[in-house]
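# A closer look at the structure
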Amino acid sequence: MEDITTSLAELLEKSPSVFHVIRNIREILEEQGFQPLDERRKWDLAPGGSYYTVRNGSSLIAFRIPLKPVKSLHITASHSDAPTFKIKPDPEMEAEGLLRLNLEKYGGMLTATWYDRPLTAAGRVLIRENGGIRQQLVYIDRDLLLIPSLAIHMDREANNKGYGNVQNDMPAVFSEGGRKGRFMEIVAAECGCAPEDILGADLFLSSRMKPSVWGADREFISAPKLDDLMCAYGTLAGFAEADAPDDFIQMYCVFDNEEVGSRTKQGAESTFLKDALDRISECLGITRSELLCAEANGMMISADNAHAVHPNHPDKADPVNRPEMNKGIVLKYHANQKYTTDAVSEAYFKDICRRTGVPYQCFVNRSDMNGGSTLGNISNTQVSINTADIGLAMLAMHSSYETAGTRDIAYLSAFTRAFYSEQLPEIL
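Throughout what follows, the structure given in this document is the object of discussion. (Residues numbered from 1 in each chain as written. Predicted model: local features only at pLDDT ≥ 70, side-chain atom pairs only at ≥ 80, totals over all residues. Heavy atoms only, no water.)

## Focus on the pairing of strand β5 (residues 84-95)
Of the pairings in the sheet, the one linking β5 to strand β6 (residues 98-106) comprises eight bridges and is antiparallel in character. The residue bridging Phe-85 from the neighbouring strand is Lys-105, located in β6. Counting the residues that bridge the hairpin from β5 to β6 gives two residues, and of these Glu-96 lies at a positive phi of roughly 50°. (Pairing = 2+ DSSP bridges. Helix = DSSP H or I, 4+ residues; strand = E, 2+ residues; numbered from the N terminus.)

Rendered as structure tokens:
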């Protein structure tokens, strides 16, 4: 448990942007012998092989092919993105002797948690080079930015109001006044190029707060981006340790843009998963009918963190289904199918948990409150497969610094390892 928590903290610290997340997962997979595949090239696959492919630098699908004919699919899906601020083009604005960056929200943020803490910029840039265009990841590894709050003396109602207007109250200060262009000069220096050679950029704010394992018994972990890198890493750990597949394909998916609805070329509602399955089928000589049978016999685990009952606001939780940190994997339900769990996927999930000794608990929203949705119902629009929505209980979801339990990551890894290693029982 301590080892996997330490590894999770290391991944979180090395992942200041969604593009860094995928780079780090690629490195882990390649250490395990997975071979990269380029979507722009024809694939050449073999039974028994292990492969991965990346789309947009921010989504990834890895898979192992069995030696026997394929009869089913075992898939996990999580997401790589997290709520943050995106830096707008031509971002610098001068005010009262200070240069600030113009920002816009990405995803459903708790904006107040971004005030008064050290920040920096991370993402990717596209650079003109030798007649072509090169893509490079960027992380300015120093305290560069800060969003200052307004003193209580100047707004006595601050604690009774909302979290501020993003356009007016939350531009990030990064320099004393003077000529504009300093920010892109810093980015260009980080990339080893001239500012005018940068043709495009996807740059976001990144908190400089490091992950912390804390509590009387070190039972909690707090960090940026726990939602959903905790599930992305927990399922990856189980995937890496799973036995070789018998007669099913093991697939590990990480999609981008879940926080903004998944309707992008690299999101869960894109054709990414379907395209990968089609290309695998073509390479292995699997007919369309055989692929549909494998989907019908298979299962997806949609893994995205869940709300723990809040100790200061217990009334916000359902009267009965009240997940707690460190009490096991959370199985999520929703009558209107924002979570896809039904009796069939519930039975598969509980069967694995009970046979492996992994604890689980249930989450349902209060009947008078709306919750969010996640990857399961969205990815099912492209690939129809039995799906259970699960997560790990956490506090302060969508804060810039979230909190979860250290035991739960180990539970998820153990569950995923069993899920990937065993054929699903037939439901009669």
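## Observations concerning the packing of helix α2 (residues 18-31) against helix α5 (residues 226-241)
Where α2 contacts α5, the axes come no closer than 12 Å and their chain directions differ by 10°. As summarised for this structure, α2 and α5 are arranged roughly parallel, according to the angle between their axes. Two secondary-structure elements touch here, α2 through Val-21, Ile-25, Ile-28 and Leu-29 and α5 through Leu-229, Tyr-233, Leu-236 and Phe-239. Class assignment of the residues belonging to the contact of α2 with α5 gives a composition of eight nonpolar, no polar and no charged. (Axes fitted to C-alpha atoms, helices over the stretch in contact; angles between N-to-C directions. Parallel < 35°, antiparallel > 145°, perpendicular 65-115°, else oblique. Contact = heavy atoms within 4.5 Å. Nonpolar A, V, L, I, M, F, W, Y, C, P; charged D, E, K, R; others polar.)

## Quick look at the sheet that holds strand β14 (residues 299-303)
Taken together, nine strands build an open sheet; the order of strands is β1-β2-β3-β13-β4-β14-β18-β16-β17 and the sheet is mixed. Each edge of the open sheet is held by one strand with a lone partner, namely β1 (35-37) and β17 (360-363). Taking each pair of neighbouring strands and ignoring which way they run, the sheet shows an average axis angle of 25°. Where strand β4 (residues 72-79) and β14 come together, four bridges link them in parallel fashion. Note on β14: the bridge partner recorded for Ala-77 is Ser-302. Of the strands in this sheet, β1, β2 (50-55), β3 (59-64) and β13 (248-255) touch α2, which is tilted by about 15° from β3. Contacting β4, β13, β14, β16 (329-332) and β18 (386-391), helix α10 (residues 406-421) crosses the sheet at an angle of about 155° to β4.

## Details of the pairing of strand β20 (residues 402-405)
Residues of β20 alternate between two faces, with Glu-402 and Ala-404 on one and Thr-403 and Gly-405 on the opposite face, all of them buried. Two strands pair when backbone bridges link them, and strand β12 (residues 220-223) and β20 are joined in this way by four bridges, in the antiparallel orientation. When the bridges of β20 are listed, Ser-222 appears paired with Thr-403. Of the pairings in the sheet, the one linking strand β19 (residues 393-395) to β20 comprises two bridges and is antiparallel in character. By the bridge assignment, Met-394 is partnered in β20 with Ala-404. Taken together, β19 and the strand that follows it, β20, pair antiparallel across an intervening segment of six residues, in which Ala-396 is found at a positive phi of about 60°. (Buried < 20%, exposed > 50% of the residue type's maximum accessible area, 1.4 Å probe, protein only.)

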